[in-house]
Structure formats: C-alpha cells, structure tokens
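Report on the structure
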Number of protein chains: 2
Amino acid sequence: MVVTDSSSSCCFFRRFFLLLVLGCADGGRLLVVPQDGSHWLSMRLLVDRLAQKGHHIVLAIPEANFLFKDIDNYTVKTYSSSYSKDVLENHMRRMSQELFVDRILTQKIKFLYESALNGTQLILTTCKDFLQNSTLIRELEKEGFDAMLTDSVFPCGAIVAEHLSIPSVSFMRGTIFGMDQIASLTPSPPSYVPRMFTVYTDNMSFGQRVNNFLIHSLEHIVCHIFYYPYAQLASDFLKKEVNALSLFSRTSIWLMRYDFVFEFPRPVMPNVIFIGGINCVNRKPLPQEFEKLINRSDEHGFVVFSFGSMVSEMPMNIAMDIAEALRYIPQQVFWRYTGKTPPNLGDNTHLVKWLPQNDLLAHPKARAFITHAGSHGIYEGICNAVPMVMLPLLGDQMDNAIRIESRGAGLTLSVLNLIPEDLSNAVMAVIENPSYKENIQRLSSLHLDRPINPLDLAVHWVEFVMRHKGAPHLRPAAHDLNWIQYHSLDVFGFLLTVLITTLFISLKCCICVCRCCCKRNSKQKRKTKSE
Amino acid sequence: MVVTDSSSSCCFFRRFFLLLVLGCADGGRLLVVPQDGSHWLSMRLLVDRLAQKGHHIVLAIPEANFLFKDIDNYTVKTYSSSYSKDVLENHMRRMSQELFVDRILTQKIKFLYESALNGTQLILTTCKDFLQNSTLIRELEKEGFDAMLTDSVFPCGAIVAEHLSIPSVSFMRGTIFGMDQIASLTPSPPSYVPRMFTVYTDNMSFGQRVNNFLIHSLEHIVCHIFYYPYAQLASDFLKKEVNALSLFSRTSIWLMRYDFVFEFPRPVMPNVIFIGGINCVNRKPLPQEFEKLINRSDEHGFVVFSFGSMVSEMPMNIAMDIAEALRYIPQQVFWRYTGKTPPNLGDNTHLVKWLPQNDLLAHPKARAFITHAGSHGIYEGICNAVPMVMLPLLGDQMDNAIRIESRGAGLTLSVLNLIPEDLSNAVMAVIENPSYKENIQRLSSLHLDRPINPLDLAVHWVEFVMRHKGAPHLRPAAHDLNWIQYHSLDVFGFLLTVLITTLFISLKCCICVCRCCCKRNSKQKRKTKSE
C-alpha cells in the first residue's frame, strides 16, 4: 500500500506567490478524482488553473497510469494498483492494434465486448484499489475538502464524495447509455435527440426514429446493468444500499465539454454548464523544429495528422497506404506516429513522436486536419477553423465524425478499407473546395463568440460549488419524485379512472332511464290495449 | 399618421464619442419593439447599454403610452394611436382601483375577465396601429436592421421581424399559458414544473399535480385561442397563413428575466439565456432628500414600501389601514404613494411620489421591503438581501410571493383583508426573526455569484444575433417535427402494431399447432380404438 505526497515546501512559496499575484485569497480545498487517458488532458487545464488561483488541490490517482505526468503544482496522492503498468499498456496496445484489423461483424462484436469488459474491469479494479486503501481514505477524511472535481464516466469519484459528504462537480463530455442525462433528469425526446453510438443526426428518418426510440427505452436498464458492480462496491464501502445512478444524481454541477456548433441542440438542465472547446485555451508558441519545417512550406501550407494521445501506431500495411496517400499532396504533413517508418514515406511527410496539435492547427498555414475524430481534436479543429478528414476508430468517434460531416465541415472515411486515393482525394477536397473552409469558419466564429471563455466558466463553477458547498438552488425537485410520479402516470391513471367511472355511471343512468321509459311505455300500451 | 424622429445631429457626435471611448466600432442596426409599462423599465437598461456601445437603435412605440419618457440617446419612431392617452390612463386607473375592491368570486372573475379583455384589446389595437402605419413600415424596411429586440408577451414584434426577415431576440420574464415554453419547445414536466397562476411550488401534492397536469394539457389550446386575433392580423399583414406560436418559435434568443434562486429549476433550451436581476445593475447615488431622512433614522433603519411603477394610489380605507400598521413600527418608512394623505399617517412614514427603489434597498440601513411582489421588485429585494412582506395584487405576483415565501425569505398577506396588526407583525417578523435575513442573504449570495453580470450577458447575446444574423446552431431540430412525431406517437403506434401483430400471429400459430396435435392425437386414438 503506497501513498505518496509529491507536494513540497517549495510549492508552498509558489502558491503563496501566486496568491499574491492573482489576488485570490479565498483558496478552497478541492479533491480531484480524474480518469486516466485523454480525458485527463482537458481536465488538467482546469485543475492547473485552479491551482494557480491558490486553491489547495489534492489529486488522487492510481500508481499504474498513463498520462498523470509532470504534475508539480499541486498535491498528488497515489494509491497502489493491484495490476502493473505493463498490464495496462498491454491492454491498450492490444486494443489499438485491433482497431486496425478488419474482421467480420460477429468477430468485431466479440472483440469489442471483450475489450470493453477488460477495460471496465481494469477501471473497476482501480476503483477497488482506491476504496480499499484505508490509509489514503483516512487522509482524505482529515483534509476537510470543500468539494470534489471528478470525471463521471465511472462513479468512483461519486462514491468517495458521498463518503466524505462533499458536493461534487462532474467534468466530462458525455457517457455511454446517456447516464449523464438520466442522472441529471434531462428530458431527451428520442424524436430528435440521437443516442450515442447510433451515428444519427438530429434529423432522423422514421426507421432511425424507431431505432433511437428503442435504444432510448433500454438505456435506463442497460445503465443499471453496466454500473451494477459499482453499486455493489459502493454499498459495501458506504455501508448503505445505493446504486450508481443515485450517486451520480447528487452531482452539483455537470461541466460538459459540449458546444452546440458541434452537438445537436437539445434540452438541458440548469446545473449543466457547457465548456466545449476548453482544450483550445491551451495555446503556446510552436517549438522551433515545427516552426522551421513550416517556414519551409510554400503557399500550400501543411496538414496535421494524429490519431490522438492514445493511438500512435498502426499495422504497416495501413501505415503504407496512408503514406502513399499523403506523398502526392502538395502540402507538408505532420504525422504523429511512433511505429516503424513506412518505406514509401514521401518527402513532404514528417513523422513526429508528439505534436503540439492545437498550436499547429492555429497556424495560418494549417490547411487540413486528419483526425480519428476524438472530441478534443474535433474542438481544436473547430476553434482554429481547419476542415477535417476523419478516420474514426472507436467509441463516440463515429458520432463525432457524423456531426462534423453533417455540417459540411469535413469528410469521413473508414480506416479499415482505406484506399490511398480516397484519402488523398478527401484531403484535397476539404482543402480545395471552399465550402468546407467556409463551413468550418462559420462554426468557428459561432463557437468562439462567447460571453466568457470555457476555462474561466469552468473555474467559476468549481469555485461556486466550493464557496456555497454545492448548488442546491439548481437541483430540480424532480429528484424527489419516483418514476411514476415524474411521468405523471399516477395522475394520468387517476384521470382515466375518473373518466371511465363517469362514463360508466352516465351510461348506466342512461340505460336505467331508457329502461324506465320503455317499461312505462309498454305498461301504458298494455293498459291501452286492455282498455 | 405621425412618425416622429427624435434623433438629432448632436446625438451623432455623442455616439461617435462613445464609439471612441468604448472602442466598439462594430455597431449593428437594431430595431426595438418594446411593451409599455414596467416591462420597459428593465428592457430599457439593455437598450441604453446597446446605444452606449455605438449600435444604431430605432425604438418603435405608440404615441399614446405611459413610460417611454426621456429617451434621447437613440432614435424613437412613434406611430399614431387610434385611442387617446386618456383612454389608456382611465383603463389603468380603473384597474388599479379595482385591485383593492373585495368582491365575491364570481364578480372577481367577471372583473378580471373584462379588464384582461380590455387590456389585450388595447394592445391589439396598438399592434394594428403599428402594422397599418405604412409610412413607418416602409421606413423600417429601408433601415436594413440586423436584428430585432422585442418583448414577446404579445407578438407584434415577431410579426414585424417576420415581415422584415430579421432575426429576433425576445426579452421577457415569462408568459401567460406558458407560451415561451411552447414556442421554444422546452419540455416542462407538469409533475414538478408548476404552471403560472397556480400558486404551487415545485413540491406539489397529488391533488396539485392533477390540477397542474390539467392546466398544462390545456395550455396549447388556450394559447392558440388567446393569440388567435394576432394570427389573423399577422396573416393579413404578411399575406400568408401563420399563427402566433409559429412566429414566436422563430425567436433566435430568449432573454428570460429568470434566476433559479427565485424560479424553480426546470429544463431549459440552449437558446434561452437567463438574465434575472438585470434591473439591479442600475445603481445610482441616493438623492439628497432620501439621504437626509436616512441619516436621521436610528439603528432601527428603514422600510421601503412600493406597489411598483403602475400602482401608486389606493382607496382611503386601505391606505389608512396601512398607515395604522406602519405608524407603530420603530423603522422609518418610505412609501411610494400619490393618493390623498391618510389622516392617521405616522411621523415615521414618509410619502413620496417616486422612490429610487433599488438604491434604497441597497442601503445598509434597509431592513424590510413591503412590495406587491412584481418580479422587478422581488429581484431588487434578492440582490440587496432585504427580507420582504408581500401584498400581491394581480398577474404573476401571487406566484412570485409564494416562491419567496417557500424559500423562507418573506411573508405574504392579502391586501384585501388587511388587518393593520397583521401587517405590522409581518414587518416586525421579517426584521426581527433572523431566519428571514439569513435566507434572503443566502439567496442573494447565490444570485450575485455569477460568471458574468446579467446586463453584459444580455448585451452579448443581442450583439451575437446581430453579428451572426441569428443563432441557428441553437435551434433544435424539433421545430421541424409535427406534434405526433415530436412525441414519437407514430413510432409508438408502429411498435404497438408490430407487437400486437406478432402476438396475434404467434397465437394463431400456437392454436394451429395445438389443433393439428389434437387432431393427430384424436386420429391416433380413433385408429388405436378401431384396431
């Protein structure tokens, strides 16, 4: 069991200095429970800014991790992992290799199911490691935090927030099975709000609406099944019966990496704050090696190509197809790729182990962006008004691609059946056909025209929750209703009963009256006859 | 037919100077179609600020009006009214007198119906005057406006915006029959979203939920009936078949004077922006006469009493009851009242024809606020953390009062059965019982803790609509669906048909199989028997 405290005395002076400089003497105490991987990259911007503002921040992370690196401006508490970093890396490597293998549908589903199971099992194990680390939990109990900032794709943060009785802020883009919408009680009419992974737009055909309706109807059940292991874990840890959705529903503020130039407009709740494009705020001067190469490029400019922070290798045949596609375009290409150099690599194509994506896209000579359509990359494409060629790999990337394509700001190709000519044609199309540039510029100008930048907005709401110990005034009373009450089914049932009863009594009365009349008539007739 | 242009050459230089000072060289062209009365008071703050920012603003108002006074920093175009100002004043006088008359329920309903009919008839006539003023309409056509800012309680602005093909921004608090929610396609579950005029909170009993459900179900129809005369007017004017709801639904941005410390949290749409408390931004130093009187008050401070901008008189018996209630409280009282002085007025009670309400409430010696619970006053009470005694008169004021009372920040009394002792007890209760002050301070601190002040936010969104010719990216695709599609009733019907057909076929098959089996069995039995 390892608990490491990386904060040092020098940090105190830096924080004190920052306090003086920024004039923020009302430092709060914030516990951060992040999610490893690309999610951390944008959350980090917020945590860094909060630390700069003088808040006392404690980051709780597993020992075996990918991207929690170079953190020195706040306290990091690591808990030992019951699996090694190798296990994690092997899982990711296997997964990223499999992404490029073209299989038949049944095999693909089997692989996706297995890798999802494997991944969620690893995350569940990480959560168990955290909760069972009693030394760390005791330390956190003593800290007297004002609030928690957590990534709510998985509910580990929510469980700890409940244990510590502190309000929480969720930082995320969206979840599988619409958990965020279910937990925040956001109405999501399936007639125009496409569900995740459907690859539908908000303008659906009848058949698509039928599918969307069915998926929407099942989400609640699937959500419960998916998070069931966490419900058990939470119930054991908190020593009371809880389920993951009820824990998520206590979230004070949902910071969603959403913006409606990219997402389809839909109803929202007052405690959902939109900070889409927060990652674009991170802007630095370009490193010299990139600056030099860009200066060498002519009026054709350059293309940025990356499959994101988690996928930097691919099978040689695909790498060669891509290299073939790129070698004949007149642009210089910066390709983030850590694999073996394809033998057919063109002179215009520069392989780099890492690239400052947002800063490169911000350069006036950036002409196109070849991306796997991860949400971070898409927002950077939008912020910098660079049209995109999208090669989605997994998860929500296909949905992201369809959103950009439906706005006429990019083209989508499948990486599995990639023909070099198709890729080069797509890149040339988004560069040379002015409609793509015009559309992405329109989206960009709408996206950037905001009353407050998304990072400042996120900082405000985390500080708000720290200051006021939550945001109870934004919590809808719907949370106190059960499912039947919320949907007014009891009211509907009551009114239907009243209506049927009234109709029944009226009918009975009519029949009685009719019978009486008939009897009287027949009696009278009989009387008349007898007379 | 009169069209007056009050802009003068001196205004040009002032605007030019303001442009230089504020550095806003991107002045847009904005047409403003406001609503007379207290609504204008908060809208004016926004229009003034937009004019200060160098936008070319044209205000279109009727000649016979109440509160469109002292406007000299933008162009005002008045159109002649087919009724005199006396008619308007008589209507308002009669209405404000009737507010204080205690009648039996049937008479009250009759009066309310008649005065509402009268009022809406006057507003409809105003709209007709505007649309039939072809000189003014031609002038507006030539202006080339970028957008319209309008108060959408009535759809005159929406009709003109449609005629001029310009996007519109609605500035309002809320409408009768939930028009804003219907037009913006905001889901409003009746299980926890109380309808206007019901005086319910968001925590309703079963009976209240039944009523709320019934009212909610009728809103759509009532809305159509209420706005029917405008639909006819608009269809004639626009020379195409339209209805008021479809015109309202084209609103680009809804600027709602809402804040969830006061309103109950409910779903919202992305193009609805909350600017509740915008009127609190208007802060000036207190006039000397008030300053002097306040300085004379001891540690007990003072009480502010106003029935708003539209009601400043009342019958003598009620005025005397109020004077009686106030004369024995230890606070000084500032009472906006233009009627005959009640003979029993206490020395501590100062009658004033007008009072700087927000500035008085902001004074540290302000102890309580006696108000008719109009939304402007309520927000000023919240902004300045002054507990309230509410005497609601009409419209949404009873709803407002219940919202504040349910938060423990004030007490509600009926002005019709007012016993002086009750009023003085209520005033002393909100002053001396610390819970009222604590609750209003809590609401105030939540309300004021925003990332951007509501006036700046409103300015941003009006400018946004001017810059981008609307906000199409915030318009949900639901507007393109009909009622059946929106509620997925066609999908539901289809799935039900499939289910019933499948069940029917399965049942038929089962019966067939059973029959075959039975026949075979009986044949076999017969065979066996015969053998």
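Note that this is a predicted model, so its numbers are computed, not measured. Counting of residues starts from 1 at the beginning of each chain's written sequence and follows it residue by residue. Chain A is the first chain written and ligand 1 is the first ligand written, with later ones labelled in order. Local features in this predicted model are restricted to residues whose pLDDT is 70 or higher, and side-chain atom pairs enter the listing and the counts only when it is 80 or higher, whereas totals over whole chains, interfaces and linings include all residues. Side-chain figures throughout are based on the complete set of non-hydrogen atoms in the structure, without hydrogens or water.

**Digging into the relation of the copies chain A and chain B**
Just so we agree on the cut-off: Least-squares superposition aligns the copies on the C-alpha atoms of those residues with pLDDT at or above 70 in both. We call two residues in contact when some of their heavy atoms are within 4.5 Å.
Between chain A and chain B, which share one sequence, the superposing operator has a rotation angle of 180 degrees and an axial displacement of 0.1 Å; the RMSD is 0.1 Å. Both copies are brought into coincidence by an operation consistent with a two-fold rotation axis. Among all residues of chain A, the minimum C-alpha distance to the rotation axis is found for V268(A), at 2.7 Å. When the interface residues of chain A are mapped onto chain B, 100% of them again lie at the interface, so the same face is used by both copies.

**Focus on the packing of aromatic side chains**
Just so we agree on the cut-off: Any pair of Phe, Tyr and Trp rings, taking the six-membered ring for Trp, is counted once the centres come within 6.5 Å. Such a pair is stacked with planes under 30 degrees apart, edge-to-face with planes over 60 apart, and tilted for the rest. Numbering of helices and strands starts at the N terminus; helices are DSSP runs of H or I of at least 4 residues and strands are runs of E of at least 2. Here the term buried applies to any residue with accessible area under 20% of the maximum for its type, exposed to any over 50%, and partly exposed to those in between, with areas from a 1.4 Å probe on protein chains only.
Using the criterion set out here, one finds 44 aromatic pairs over all chains in the structure. When the ring of F213(A) is compared with that of F492(B), the centres are 6.5 Å apart and the planes differ by 65 degrees; the resulting orientation is edge-to-face. Separated into two different chains, F213(A) in helix α8 (residues 206-226) and F492(B) in helix α20 (residues 489-530) make up a pair that spans both. Judged by centre distance (5.4 Å) and plane angle (70 degrees), the rings of F302(A) and F334(A) are edge-to-face. Residue F302(A) is located in strand β9 (residues 302-306), and its partner F334(A) is located in strand β10 (residues 332-336); the two are separated by 32 residues in the primary sequence. Judged on exposure class, the residue F302(A) and its partner F334(A) are both buried. Through a chain of ring-to-ring contacts, three or more aromatic side chains come together here, namely F154(A), F177(A), F226(A), Y227(A), Y230(A) and F248(A).

**What about the interface of chain A and chain B?**
Condition: The term buried area denotes the loss of accessible surface (1.4 Å probe radius) that occurs when two parts are joined, taken as the sum for both partners. Basic side-chain nitrogens of Lys or Arg form a salt bridge, by our definition, when they fall within 4 Å of a carboxyl oxygen of Asp or Glu. Side-chain atoms alone can form a polar contact between residues adjacent in sequence; in general such a contact is a pair of N or O atoms within 3.5 Å, and within protein one must be able to donate a hydrogen while the other accepts it.
Listed by partner, the interface residues are 46 residues for chain A and 46 residues for chain B. Each partner contributes to the roughly 4100 Å² buried at the junction of chain A and chain B, and carbon and sulfur atoms together form 72% of this total. Contact with chain B buries area across many residues of chain A, yet D449(A), P451(A) and H473(A) alone supply 14% of it, more than any other trio. Taken together, the links from chain A to chain B amount to 4 salt bridges. A salt bridge links R467(B) to D449(A), with the nearest nitrogen and oxygen atoms 2.8 Å apart. Taken together, chain A and chain B are joined by 11 residue pairs in polar contact (both at pLDDT 80 or more). Counting residues per element, the ones that place at least two in the side of chain A that touches chain B are α8, α17 (434-448), α18 (454-468), α19 (483-486) and α20 (489-530) of chain A. Tallying contributions element by element places α18(A) first for the side of chain A that touches chain B, with 6 residues.

**Observations concerning the pattern of salt bridges**
Side-chain pairing between opposite charges can occur once the charged atoms of the two side chains come close. Counted according to the given criterion, the structure contains 38 salt bridges over all chains. Its salt-bridge partner being D456(B), residue R49(B) comes within 2.9 Å of it at the nearest N-O pair. Here D456(B) lies in helix α18 (residues 454-468) and R49(B) lies in helix α2 (residues 38-52), a separation of 407 residues in the sequence. Residues joined by salt bridges that share partners form a network here, namely K53(A), E463(A), R467(A) and D449(B).

**Describing the UniProt feature "transmembrane region" (unreviewed entry) in chain A**
Heads up, the condition is: UniProt positions are given in the numbering used here, feature names are shortened, and annotations may be inferred rather than shown by experiment.
Mapped onto the present numbering, the UniProt feature "transmembrane region" (unreviewed entry) falls at residues 491-518 of chain A. The distance from the first to the last C-alpha atom of residues 491-518 of chain A is 40 Å, and the span holds 100% helix and 0% strand.

**Regarding the domain arrangement of chain A**
Residues and elements named next belong to chain A. We apply this condition: For every domain, the bounds stem from an assignment made automatically or drawn from a database.
Each domain of chain A was delimited in the assignment, giving domain 1 (4-280 + 452-480) and domain 2 (288-448). Between domain 1 and domain 2, the C-alpha centre-to-centre distance is 28 Å. With 36 residues of domain 1 at the interface, the matching set in domain 2 holds 34 residues. Taking both sides of the interface into account, the surface hidden between domain 1 and domain 2 amounts to around 3000 Å²; carbon and sulfur atoms contribute 65%. Interface area lost by domain 1 to domain 2 is led by F100, V261 and F262, which between them contribute 29%. Our count for the contact surface shared by domain 1 and domain 2 stands at 2 salt bridges.

**Considering the side chain of N348(B)**
Residue and element names in this part refer to chain B. Counting through the fold element by element, N348 comes out in the loop between β10 (332-336) and β11 (349-352). Of the residues examined, N348 reaches a relative accessible area of 9% and is grouped as buried. Of the polar contacts made by the side chain of N348, one reaches the backbone oxygen of L326; its length is 2.9 Å. A distance of 2.8 Å separates the side chain of N348 from the backbone oxygen of Q331, its partner in a polar contact. Those residues within four positions of N348 in sequence are excluded, and the remaining contacts are L326, R327, I329, Q331, Q332 and V333.

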